[in-house]
Amino acid sequence: MLKLSRNKAVYVLIFFIIYFSSDTMLFGTNNDKRFMSFGYIFYSLFCISIPLYFLVKKGSFLLQKRIIRLTILLLIALVVSAIINRDFRGGYIVAFSFAISAMVITQTISFHDFCIAYSRIFRVIGTVSCIGFIIFYLIPELNHYGFEVSKSVGGTSFYHYVLYMHCMDPIGAGRNWGIFREPGVYQAYLIIALIIEIYFFNKDSRWSKYAIAVLTITVLTTKSTTGYIGLVFALIYALSKWKYLTNYKKIQKLLIGVFVLIIVLFIVLIGDFQFYRSIVEDIFGKFSKSSDAYVSSYARISSIGINLYLWMQKPIAGNGVTDKAALFSDTAMRIYGIANETDTNTLLAQFSMFGIVAGGIWLYAVFNMARKAANSNLEFCVLILLFCIILMTEFFIYSPIINLFIWYGLQRKITEKKTMVYFKHFKEST
């Protein structure tokens, strides 16, 4: 059951981490580099302010010794990778700073409070983006009344509505982008929010039921193939998670019925035949070589083999940020015969870029998070598949929120209180 956190600062912090992250269009792939620079600066200032806030207000904060050791181990792996590959690009600095900030944030904000803030933020973002998507699809003339137009590095223009970005490209306009650089990125955030809502589901709360409904509908509007696959696994997770409820049979039938009804209403009421056909093309066209959408599925599939191949060449320290980027395209041409410069596999990219230690820590965090959130082997397997779908279909190495989830996953227990380092006047407790 999700209870409202009294610390409103947590809501503000998580919202700004999401809004100013490199995963958004405005601060991640904006053609105006000043926005991207501002996003990194803003995020850094927020991360510095967190420990200062706790030190000033409480005079102390706690860090788990286990997390300190794992963070130091990861930082050493990054330094070793940079030295061996003679690579000192900004990517290492960003990864270094994200590791430190994620360690501090996850130790000063409980996982429970983080989940509360994250899920409720996406209740709002999902609702706003759904309303915007439907309105602008039905009344496209309203686009001209938008705020300042922003452009991505690819040249695509967007109308900016604070919590909703409407794409001006004819193809992209038929998909819900939210505030993110790609609909695929948006669906990943939504699926995470949906998992949280399912995990903390309160059958007596209308808001909990509303959140699951609106998140599901929003994922459908992204028209993301991986999002639809994620929804299926989320449904399986929900059916397994809620089987202990007294009225499980009724919930089971209701959930499946609502899920089917939402899809039918989405196709029949919101869209016409052309809209339905575009959905089918977006989903299944990715599996046809004659389709333009095939590039998307090809990039995701090839990223698995390419990253594994590159990692095996340098398993200990990885290939580094610079060499990995250059070798990725060459390897794609040599192995698959098609040029591909887009790496969409976060998990395996950790191995190919930074080596076995950094990749191993991320992999352990994923399995540990799934283990803690599962009550059965079925739930564990479903969550592993869901996390792999999220981390192996988009590039999230420089994503603040994904880094936070990784560090929460490194904790032995979410509410662990033992083996802590107690910081007060720079003294360690025994």
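As the structure is a computational prediction, the values presented were derived from the model and not from experiment.

Definitions and limits used
- Once a new chain begins, its residue numbering starts again from 1 and follows that chain's sequence as written.
- Local features in this predicted model are restricted to residues whose pLDDT is 70 or higher, and side-chain atom pairs enter the listing and the counts only when it is 80 or higher, whereas totals over whole chains, interfaces and linings include all residues.
- With hydrogens and water set aside, each side-chain value is computed from the structure's full complement of heavy atoms.
- What makes a patch is a set of residues exposed beyond 30% relative accessible area and free of salt bridges, joined within 9 Å when like-charged and within 5 Å when nonpolar (Val, Leu, Ile, Met, Phe, Trp, Tyr).
- Note on areas: these come from Shrake-Rupley sampling with a 1.4 Å probe, and a residue is covered only by the protein chains present in the view.
- In what follows, salt bridge is the name for a side-chain nitrogen of Lys or Arg lying within 4 Å of a carboxyl oxygen of Asp or Glu.
- Strands here mean DSSP runs of E at least two residues long; helices mean DSSP runs of H or I at least four residues long; both are numbered from the N terminus.
- Think of it in three bands: with a 1.4 Å probe and only protein chains considered, a residue is buried below 20% of the maximum accessible area for its type, exposed above 50%, and partly exposed in between.
- Only the six-membered ring of Trp is used, alongside the rings of Phe and Tyr, when aromatic pairs are assigned; centres must lie within 6.5 Å, and planes under 30 degrees apart are stacked while those over 60 apart are edge-to-face, with the rest tilted.
- In this scheme, a helix's expected span is set at 1.5 Å multiplied by one less than its residue total.
- Any pair of residues with heavy atoms lying within 4.5 Å of one another is described as a contacting pair.
- Polar contact is the term for a pair of N or O atoms within 3.5 Å; when the atoms are in protein, one must be able to donate a hydrogen and the other to accept it, and sequence-neighboring residues count only if both atoms are side-chain atoms.
- The score called pLDDT rates the predictor's confidence residue by residue, from a low of 0 to a high of 100.
- Using a grid of 1 Å spacing that covers the protein atoms alone, one calls a set of points a cavity when a 1.4 Å probe fits there but cannot get out, and a pocket when the set is open and has protein on both sides within 12 Å along at least five of seven lines; lining residues are those with an atom within 4 Å of a point.
- Grid points are joined across faces, edges and corners, and a volume is the space filled by probe spheres set on the points.
- The classification used treats Ala, Val, Leu, Ile, Met, Phe, Trp, Tyr, Cys and Pro as nonpolar, Asp, Glu, Lys and Arg as charged, and all other residues, Gly among them, as polar.
- Within this scheme, the nonpolar core is defined by two criteria: the residues are buried Ala, Val, Leu, Ile, Met, Phe, Trp, Tyr or Cys, and they are joined through side-chain atoms within 4.5 Å.
- Whether two strands pair comes down to DSSP finding at least two bridges between them.
- Orientation is described by lines fitted to C-alpha atoms, with helices fitted over the stretch in contact, and by angles between N-to-C directions that extend from 0 to 180 degrees.
- Oblique is the label for every angle not falling under 35 degrees (roughly parallel), over 145 degrees (roughly antiparallel), or within 65 to 115 degrees (roughly perpendicular).
- Crossings are assigned a handedness: left-handed for a near helix turned anticlockwise from the far helix by less than a right angle, right-handed for a clockwise turn.

## Here's the deal with a nonpolar patch on the surface
Argument step 1. Together, Val79, Ile83, Phe88, Phe96 and Ile100 make up a nonpolar patch on the protein surface, roughly 460 Å² of accessible area in all.
Argument step 2. Of all the secondary-structure elements, those providing two or more residues to the nonpolar patch are α4 (65–84) and α5 (90–108).
Argument step 3. Along the polypeptide, isoleucine 83 turns up in helix α4.
Argument step 4. A relative accessible area of 53% places isoleucine 83 in the exposed class.

## Focus: the packing of aromatic side chains
Argument step 1. Going through the model one piece at a time under the given rule, you end up with 28 aromatic pairs.
Argument step 2. On the numbers, 6.2 Å between centres and 15° between planes, the contact of phenylalanine 122 with phenylalanine 180 is stacked. Separated by 58 residues along the polypeptide, phenylalanine 122 in helix α6 (residues 111–138) and phenylalanine 180 in the loop between β4 (165–167) and α7 (183–199) bring together distant segments of the chain. Like phenylalanine 122, the residue phenylalanine 180 is buried in the burial classification.
Argument step 3. Ring plane angle 75° and centroid distance 6.5 Å describe the contact between tyrosine 189 and phenylalanine 396, whose orientation is recorded as edge-to-face.

## Focus: helix α16 (residues 377–391)
Argument step 1. Along its 15 residues, α16 runs 21 Å from first to last C-alpha, staying within 8% of the 21 Å computed at 1.5 Å per residue.
Argument step 2. Listing the buried residues of α16 in full gives Glu379, Val382, Leu383, Ile384, Leu386, Phe387, Ile389, Ile390 and Leu391.
Argument step 3. In this fold, the buried residues of α16 make contact with α7, α9 (225–241), α14 (346–354), α15 (356–373) and α17 (400–410).

## Topic: the side chain of threonine 331
Argument step 1. Relative to the elements of secondary structure, threonine 331 occurs in helix α13 (residues 320–336).
Argument step 2. Of note is the side chain of threonine 331, whose polar atom sits 2.7 Å from the backbone oxygen of leucine 327.
Argument step 3. Those residues in contact with threonine 331, other than ones at most four positions away along the chain, are Ile306, Tyr309, Leu310 and Tyr336.

## A few points about the confidence of the model for the chain
Argument step 1. Predicted confidence across the chain gives a mean pLDDT of 79, with 74% of residues reaching 70 or more.
Argument step 2. Within the chain, no element has a lower average pLDDT than strand β5 (residues 420–423), which sits at 35, and none a higher one than α14, at 95.
Argument step 3. Residue range residues 269–276 is modelled with pLDDT below 50. Its contacts to residues more than four positions away, or to other chains, number 14 contacts.
Argument step 4. Across residues 415–430, where pLDDT falls below 50, the model places 30 contacts with residues more than four positions away in sequence or in other chains.

## Concerning empty space enclosed by the protein
One water molecule sets the probe size; rolling that probe over the atoms shows where empty space is left.
Argument step 1. Enumeration over the complete set of coordinates arrives at four cavities of 30 Å³ or more.
Argument step 2. Phe111, Ile192, Met369, Phe387 and Phe405 are, among the 21 residues lining the largest cavity, the residues nearest its centre.
Argument step 3. Secondary structure elements with two or more residues in the lining of the largest cavity: α6, α7, α15, α16 and α17.
Argument step 4. For the lining of the largest cavity, the element with the highest residue contribution is α15, accounting for five residues.
Argument step 5. Of the residues belonging to the lining of the largest cavity, the class tally is 19 nonpolar, one polar and one charged.
Argument step 6. There is about 70 Å³ of room inside the second largest cavity.
Argument step 7. In terms of lining residues, the second largest cavity is bounded by Leu74, Leu78, Ala95, Ala99, Gln350, Phe354, Trp362, Ile397, Asn403 and Trp407.
Argument step 8. Among the secondary structure elements, those contributing two or more residues to the lining of the second largest cavity are α4, α5, α14 and α17.

## Some points on the nonpolar core
One recurring pattern in soluble globular proteins: nonpolar side chains tend to sit buried together.
Argument step 1. Membership of the largest hydrophobic core comes to 100 residues, with the highest contact counts inside it found for Tyr118, Phe122, Phe354 and Trp407.
Argument step 2. Excluding anything up to four places from it in sequence, phenylalanine 122 contacts Ile18, Phe180, Tyr186, Tyr189, Leu190, Ala193 and Leu215.
Argument step 3. Within the second largest apolar cluster, five residues are counted, among which are Phe133, Phe136, Tyr159 and Tyr164.

## Examining the environment of tyrosine 364
Argument step 1. Here tyrosine 364 lies in helix α15.
Argument step 2. With 45 residues separating them in the primary sequence, tyrosine 364 and glycine 409 have C-alpha atoms 8.0 Å apart.
Argument step 3. Look past the residues within four positions of tyrosine 364 in its chain and what remains in contact with it is Arg66 and Leu410.

## Remarks on the pairing of strand β3 (residues 157–160)
Argument step 1. Neither face of β3 is left uncovered, since the one carrying Ser157 and Tyr159 and the one carrying Phe158 and His160 both have all their residues buried.
Argument step 2. Pairing between β3 and β4: three bridges, direction antiparallel. Directly across from histidine 160, in β4, lies its bridge partner methionine 165.
Argument step 3. Two successive antiparallel strands, β3 and β4, enclose a turn made up of four residues, where valine 162 displays a positive phi of approximately 65°.

## Comments concerning unusual backbone geometry
Argument step 1. A positive phi angle, close to 65°, is found at valine 162, a residue other than glycine.
Argument step 2. Inspection of the secondary structure assignment puts valine 162 in the loop between β3 and β4.
Argument step 3. The class of valine 162 is partly exposed, set by a relative accessible area of 44%.
Argument step 4. Positive phi outside glycine occurs at lysine 223, with the angle close to 55°.
Argument step 5. Structurally, the position occupied by lysine 223 is in the loop between α8 (206–222) and α9.

## Regarding the packing of α7 against α16
Argument step 1. One way to put it is that α7 packs onto α16 with a least axis distance of 10 Å and a crossing angle of 155°. In terms of orientation, α7 lies roughly antiparallel with respect to α16. Classified by chirality, the crossing of α16 by α7 is left-handed. For the pair α7 and α16, the contacting residues are Ala188, Ile191, Ile192 and Ile195 in the first and Leu383, Leu386, Phe387 and Ile390 in the second.

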